[in-house]
Every structure is written in structure tokens, then in C-alpha cells.
Amino acid sequence: MNIALLGYGKMGKTIEQIAIKRGHNVVLTIDKDDKDYDITKADVAIDFSIPTVAFNNISNCLNNNVPVISGTTGWLDKYDEAIALCKEKNGAFIYASNYSLGVNIFFELNKTLAKMMSALKQYNVSMEEIHHTQKLDAPSGTAISLANDIITQHQNYDNWKLDEGSNSTIPIVAKRIKDVPGTHTVDYESEVDTITIEHVAHNRQGFALGAVVAAEWIADKEGVFTMNDVLNIG
């Protein structure tokens, strides 16, 4: 399979290594300032760029009938436009805030726990995420996904907010520490105890592998999908 990498930072380079090991050809490596390239050389594109160019990258792929996997966060104000374009062009698209196979299992665990805790009003929910200092958005897309999943399952919460919380708002603390790939923690705390679930990424390999697996999965499909479809979970 011929793969285009849209975004060629540390994540893009890691994806390239894994894709080649899995027998694929990387035919394009596009950085943020590259504009003149032929996306049709690729069978599928993987976008790990930056928020300001992600939507243009995705649109270019869909307009040229190239399935696209996006892991860029911070651009979701245009997500509905991307979905509409995908449907209009009969394209194929996956967005995930995190492609790690372990994190996607963690998402399901988080939803299950939130549903279980919903009736226990003595527990207050809080979250923390830690990432490397080069990460541009806060809170992380993964933290937002976790918070939104809690909101759908827990009757006491209807919003989240960075650093602040209330009776109905989940506080998310975002920390930036050098060389931390990604840590996400969800706490349910009462006066008598605390229940904690946590995912700790040790390196970028898990994120990159999941993106390549998603690219392999979507290559011959049409529609808008999630990692739950790729992994057949949820």
C-alpha cells in the first residue's frame, strides 16, 4: 500500500518506520509549508499535522478520493464540514483523538466506569493529562474525548472545563512536561476513598501503530468511521 504522511514531525517519522516495517511504501512526506504535491500518488493518507492545516489536508484527500486517517487535534470546529465533505464525495475518513490501541480500550473502560458511578453522588470526577512541551493544544484531544464520554454516561455532569470544575462540570488539569508521550488519569473521589483509572503511554510507538492499522483497515472502504470500527469494540 502506498501511504502519504501529512505532517512529518516526530509522530510522522515514527509512523513511517512502522509502515515500512509492515510492508508499505511511503510515497509522500508533507510538512506544514508544503503545498504543491500530488496526493493521488497515495492509496491512503495519514494526517498528523498541526491544527491550522489539518482541515485543508483532509479536504484535499477527500476531494481526490484518497481515504484519510487524521490524528491531529485542535481543529474540530470544522469536523462537521469534514464529515459533510466525506459524504458528498463518497470518501473514507477516520478521525481519532488517539490511535493507541490501549487508549481505545481505555475509552471503553472509562465509559463503563462512568455509567457505574452515575448513581453514586458522593464521588466527584476530576481528570489530569500530561504531555510533552511541544503539544500545542490543551487539554488534549484524548482528555476531551474522555470527558465527553463521561458526560454521556454520567447523569451529574454536562460539561468540562480546563483547570476548573463545579458540581456539574468536570475539571481537567493539563500539564506540559518534557519528553512525556501522554498520560491520562480519571479520578472519582469521595470523603472515604478514591477510584482511579489511568493510561500511561511509554513512547509514540503505540499511537503510530494504531494509525497504520487504521490506514490498512480503511483502504477499501467508504464512509465515516471511528477506531471502534477498526478494533470492532464498543
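For clarity, every value in this text was computed on a predicted model and none was experimentally measured.

Glancing now at the pairing of strand β2 (residues 25-30). Of the pairings in the sheet, the one linking strand β1 (residues 2-6) to β2 comprises five bridges and is parallel in character. Across the sheet, I3 pairs through a bridge with V26, a residue of β2. For the segment spanning β1, helix α1 (residues 10-21) and β2, crossover handedness is right-handed.

A sheet is described by the order of its strands in space; here five strands give the open sequence β7-β8-β6-β9-β10, paired in mixed fashion. On the outer flanks of this sheet lie β7 (159-162) and β10 (194-201), each paired with one strand and no other. Averaged over all neighbouring strand pairs, the angle between strand axes comes to 20°, with direction disregarded. In the sheet, strand β6 (residues 124-131) pairs with strand β8 (residues 169-176) via five bridges, with the strands oriented parallel. Each bridged residue has a counterpart across the sheet, and for E128 the counterpart in β8 is V173.

Applying the stated criterion across every chain, the model contains seven salt bridges. Across the pair D220 and K221 runs a salt bridge, and its minimum N-O distance is 3.4 Å. The exposed category is assigned to D220, whose relative accessible area is 67%. Owing to a relative accessible area of 32%, K221 belongs among the partly exposed residues under this scheme.

Turning to the nonpolar core, a few remarks are in order. I15, I46, I69, I94 and Y99 are the most contacted members of the largest nonpolar core, which totals 25 residues. Broken down by secondary-structure element, the contributors of at least two residues to this core are β1, α1, β3 (44-47), β5 (92-95), α6 (205-218) and α7 (227-231). The element best represented in this core is α6, accounting for seven residues. Beyond its immediate stretch of four places on either side in the chain, I94 contacts V68, I69, S70, Y99, A214, W217, I218, F225, T226, M227 and V230. Listed in part, the 21 residues of the second largest apolar core include L6, V66, A82 and F93.

Structurally, the position occupied by Q134 is in the loop between β6 and α5 (141-153). Separated by 46 residues in sequence, Q134 and V180 place their C-alpha atoms 10.0 Å apart. A polar contact is formed between the side chain of Q134 and the side chain of K10, at a distance of 3.4 Å.

End to end, α6 covers 20 Å across 14 residues, agreeing with the expected 20 Å (1.5 Å per residue, within 8%). Listed as buried for α6 are F207, A208, G210, A211, V212, A214, A215 and I218.

Calculation rules
- The residue numbers shown here count from 1 along each chain, following its written sequence.
- Only residues with pLDDT of 70 or above have their local features reported here, since the model is predicted, and side-chain atom pairs are shown and tallied only from 80 upward, although totals for entire chains, interfaces and linings are computed over all residues.
- The basis for every side-chain value is the complete set of heavy atoms in the structure, and neither hydrogens nor water enter the calculation.
- Between any two strands, pairing holds if DSSP finds at least two bridges.
- The helix and strand labels rest on DSSP assignments: H or I over at least four residues marks a helix, E over at least two residues marks a strand, and numbering proceeds from the N terminus.
- Every crossover in which the path from the first strand over the helix to the second runs clockwise, viewed with the strands pointing away from the viewer, is termed right-handed.
- Helix axes are fitted to C-alpha atoms over the stretch in contact, other axes to C-alpha atoms as well, and angles between N-to-C directions run from 0 to 180 degrees.
- Any carboxyl oxygen of Asp or Glu that lies within 4 Å of a side-chain nitrogen of Lys or Arg is treated as forming a salt bridge with it.
- Whether a residue is buried, partly exposed or exposed follows from its accessible area with a 1.4 Å probe, protein chains only, as a fraction of its type maximum: under 20%, in between, or over 50%, in that order.
- We define a nonpolar core as any set of buried Ala, Val, Leu, Ile, Met, Phe, Trp, Tyr and Cys residues linked to one another through side-chain atoms lying within 4.5 Å.
- The contact rule is simple, with two residues in contact once any of their heavy atoms fall within 4.5 Å.
- Any N or O atom pair separated by 3.5 Å or less is treated as a polar contact, with the protein-specific requirement of one donor-capable and one acceptor-capable atom, and with residues adjacent in sequence counted only for side-chain atom pairs.
- Each residue after the first adds 1.5 Å to the expected span of a helix.

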